[in-house]
Amino acid sequence: MWNRGISVLYSAKEIEDRIREMAAEINAMYAGKPLVLLCVLKGAFMFFSDLAKRITVHPEIDFVRLSSYGNCDNSSGVISFTKDIEITIINKHVLVVEDIVDTGATMDFLCRQLKARGVASLRIAALMDKKERRAFPVKVDFVGFKVPCGFVVGYGLDYAEKYRELPELCLMNVRD
Ligand code: 5GP
């Protein structure tokens, strides 16, 4: 049974400031290169939107959606596309924009798929990294916040499709 008490982990201002810093790093990295910004739906939509507004290298933009079946406790089940990329990514520099990397199963799957399509380079920007739970060898190139174990909602992230609209990143308190 979930108790739906939530507490703020990072305020809207803290998120905005960190995204500005991340965007500066990304702009420096991709200056003069053909960049594809790839949003992983649904959780990254708010982060993606705020980040993309600060990217100055005129990226192409596309969206993917993935689903995971198997273990409901984490996403280590079988992963597949429910929405694939629509633009061509061959010989382009692709930056995957994700909400949170946990075990790494989702990013491991996506990166394997994208690499097989002949990208020039592939990097990951994640708003949050739960590095201590990593079970797959996934490296996050641009990290917003390193977060501990715990369930985060808000700023695009949901619990049962709710709380995505919150402007802050919040920790959901779980009780039996
Ligand atoms: P991974 O495949 O790395 O284990 O999990 C990545 C996905 O699991 C994320 O894209 C996200 O959808 C979900 N996820 C992992 N941790 C959290 C969390 O704390 N809160 C929410 N709302 N989703 C999470």
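Residues numbered from 1 in each chain as written. Predicted model: local features only at pLDDT ≥ 70, side-chain atom pairs only at ≥ 80, totals over all residues. Heavy atoms only, no water.

Asker: If you had to explain the nonpolar core to someone new, which residues and values would you point to?
Answerer: Counting residues in each nonpolar core, the largest one holds 31 residues, and the members touching the most others are Leu 51, Met 128 and Leu 169. Secondary structure elements with two or more residues in this core: α1 (12–29), β2 (35–41), α2 (45–52), β5 (93–101), β6 (121–129) and β7 (142–146). Once residues lying within four places of it in the same chain are set aside, the contact partners of Met 128 are Asp 99, Ile 100, Val 101, Phe 145, Val 147, Val 152, Leu 157 and Leu 169. Residues Leu 38, Val 64, Ile 89 and Cys 111 belong to the second largest nonpolar core, which totals 24 residues. (Core = buried A, V, L, I, M, F, W, Y, C linked by side-chain atoms within 4.5 Å. Buried < 20%, exposed > 50% of the residue type's maximum accessible area, 1.4 Å probe, protein only. Helix = DSSP H or I, 4+ residues; strand = E, 2+ residues; numbered from the N terminus. Contact = heavy atoms within 4.5 Å.)

Asker: So, the packing of aromatic side chains: which residues are in play, and what are the values?
Answerer: Enumeration according to the criterion identifies 4 aromatic pairs in this entry. Summarising the aromatic geometry, the rings of Phe 48 and Phe 63 are spaced 5.7 Å apart at their centres and angled 55° between planes, so their arrangement reads as tilted. Taken as a pair, Phe 48 in helix α2 and Phe 63 in strand β3 (residues 60–69) lie far apart in primary sequence, 15 residues in all. Classification of Phe 48 as buried rests on a relative accessible area of 5%. Taking the relative accessible area as the measure of exposure, Phe 63 reaches 31% and is therefore partly exposed. Taking 5.6 Å as the distance between ring centres and 55° as the angle between the ring planes, the aromatic pair formed by Phe 81 and Phe 109 counts as tilted. Of this pair, Phe 81 sits in strand β4 (residues 78–83) while Phe 109 sits in helix α3 (residues 105–115), placing them 28 residues apart in sequence. Look at Phe 109 and you get buried, because its relative accessible area is 17%. (Phe/Tyr/Trp six-rings, centres within 6.5 Å; stacked < 30°, edge-to-face > 60°.)

Remember that the coordinates give geometry; whether it matters functionally is a separate question.
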